[in-house]
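Summary of structural features
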Amino acid sequence: MPVYTDDRVLVDYRTADDAGVYRLDERSALVQTVDFFTPIVDDPFVYGQIAAANALSDVYAMGGRPLTALAIAGFPKDADRALLPRIFAGGLDKLREAGVSLLGGHTVQDQEIKFGYAITGIIDPARILTNAGARPGDALILTKPIGTGIIATALKFDRATAAAVTAAISSMTALNKAAAEAIDRLPAGAVHACTDITGFGLLGHGSEIAAGSKAAIEIDASSVPLIEGARELVRGNVPGGGKTNRQHFGQRISIDPGVAADLADLLFDPQTSGGLLIALDPIHVDSALDYLSRAGAGGSVIGRVTLPATHLIRVQ
């Protein structure tokens with residue numbers, strides 16, 4: 001399609017980033033995103049919470065502050081009418097936690113339930129975090145454990161333990177607000193790149209950082225935090241998205257023979273409302289981990305950025 005060029009557009013779809021950024025003036029810009037999906041849990045209220053946390057995450061990943069939301073919903077004509085208010089209530093619960101105003105939205109009839117939000121936020125043009133600024137030598141911090149795709153798939157077939165489901169829901173409903181505010185306390189320029197881990201999984205979104213930054217990434221598989229019970233559920237519960245991620249990104253990723261197959265599957269696992277993957281100057285790692293801990297957010301150093309190599313990512 002023909003591309004319309006506007007100097008006020010600072011970030012758009014062409015860099016495969018988390019959200020778009022539109023400059024208003026020298027000190028402020030809009031950051032905008034939209035995300036919705038079908039239910040991944042049985043409880044409609046929790047589904048609404050997860051959908052809201054997931055949509056808000058893209059703004060946090062860019063370094064922005066979400067301000068307003070517009071709801072988007074598809075609902076079958078013959079579905080239980082009591083479900084929709086509960087879904088909206090769950091979403092509103094998370095919007096209130098984030099300090100975001102719901103302005104309205106749009107609902108249509110659909111063959112299956114879909115729900116999410118279009119989010120608008122504000123950002124300082126001088127402090128935009130993209131997925132294309134990582135530098136060789138940077139440390140990589142991940143703020144949430146992975147494994148939601150595996151657990152959600154197991155849940156569909158009644159194969160997930162209660163503990164695993166509870167842990168996954170706790171992770172997915174947790175806003176990335178605290179993590180974003182924690183890293184914002186670092187000196188300007190300390191963080192070079194950031195993205196949130198969602199449908200493409202850790203290795204897919206990591207590949208986007210490496211490609212956009214014209215660099216490579218090394219990941220220590222044993223350092224990647226996993227949701228409780230996720231690894232035990234890998235066998236027989238790899239979702240279609242995990243297989244697609246491996247097919248799409250796998251050729252540019254090298255996985256050492258010593259990395260267990262089930263762990264490798266988790267690294268490709270598509271996440272919903274996952275954590276932030278942060279590339280930052282290594283001299284600020286201790287401060288970042290301290291700020292994240294004080295904010296009640298997780299934080300694990302899982303690898304580093306290197307000079308360009310044959311593969312975008314090496315897992316060892």
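The paragraphs below set out a description of the structure included in this document. (Residues numbered from 1 in each chain as written. Predicted model: local features only at pLDDT ≥ 70, side-chain atom pairs only at ≥ 80, totals over all residues. Heavy atoms only, no water.)

Quick word on the packing of aromatic side chains
Under the definition given, this model contains 5 aromatic pairs. With a centroid separation of 5.1 Å and 75° between ring planes, the pair formed by F115 and Y117 is classed as edge-to-face. The class of Y117 is buried, set by a relative accessible area of 0%. Just above the ring of Y13 sits the side chain of R14; from NZ or CZ to the centre is 5.8 Å. When the ring centre of Y291 is taken as reference, the NZ or CZ atom of R185 above it lies at 4.0 Å. (Phe/Tyr/Trp six-rings, centres within 6.5 Å; stacked < 30°, edge-to-face > 60°. Buried < 20%, exposed > 50% of the residue type's maximum accessible area, 1.4 Å probe, protein only. Lys NZ or Arg CZ within 6 Å of the ring centre and 35° of its normal.)

A look at the nonpolar core
Counting 81 residues, the largest nonpolar core has Y117 and L202 as its most contacted members. Counting residues per element, this core draws most heavily on helix α1 (residues 44-61), at 10 residues. Excluding its chain neighbours within four sequence positions, the residues that come into contact with L202 are L142, I197, I219, V224, L267, D269, L277 and I302. (Core = buried A, V, L, I, M, F, W, Y, C linked by side-chain atoms within 4.5 Å. Helix = DSSP H or I, 4+ residues; strand = E, 2+ residues; numbered from the N terminus. Contact = heavy atoms within 4.5 Å.)

Details of the sheet that holds strand β4 (residues 65-75)
With mixed pairing, the 6 strands of this open sheet are ordered in space as β1-β2-β3-β6-β4-β5. In this open sheet, the two strands that pair with only one neighbour each are β1 (9-11) and β5 (101-109). The sheet shows a mean angle of 20° between the axes of neighbouring strands, taken without regard to direction. For strand β3 (residues 29-37) and strand β6 (residues 114-123), the ladder comprises 9 bridges, and the chain directions are antiparallel. When the bridges of β6 are listed, V34 appears paired with A118. The sheet contacts of α1 involve β3, β4 and β6, and relative to β6 the element is tilted by about 30°. Lying over the sheet, helix α2 (residues 83-98) contacts β4, β5 and β6, oriented at roughly 20° with respect to β6. (Pairing = 2+ DSSP bridges. Axes fitted to C-alpha atoms, helices over the stretch in contact; angles between N-to-C directions.)

Topic: the pairing of β5
As defined by bridge partners, β4 adjoins β5 across 8 bridges and the pair is classed as parallel. Bridge pairing links A73 to T107 in β5. Handedness of the crossover joining β4 and β5 through α2 is recorded here as right-handed. (Right-handed = clockwise from strand over helix to strand, strands pointing away.)

Some details on helix α9 (residues 285-294)
When we look at burial in α9, the residues that qualify are V285, A288, Y291 and L292. Along the axis of α9, the buried positions cluster into a sector of 130°, meaning they face one direction only. Residues D286, S293 and R294 are exposed on α9 and point more than 90 degrees away from its buried face. Its buried side turned inward, α9 meets β7 (139-142), α5 (177-184), β11 (276-280) and β12 (300-306). Among the residues trailing α9, G296 stands out with phi positive, at a value near 80°. (Arc of directions from axis to C-beta.)

A few points about unusual backbone geometry
Its identity as a non-glycine residue notwithstanding, D158 has a phi of 60°, on the positive side. Topologically, D158 is positioned in the loop between α3 (148-156) and α4 (162-173). Take D158: its relative accessible area is 72%, and that puts it in the exposed class. Even without being a glycine, S273 presents a positive backbone phi close to 50°. With respect to the helices and strands, the residue S273 is situated in the loop between α8 (261-268) and β11.

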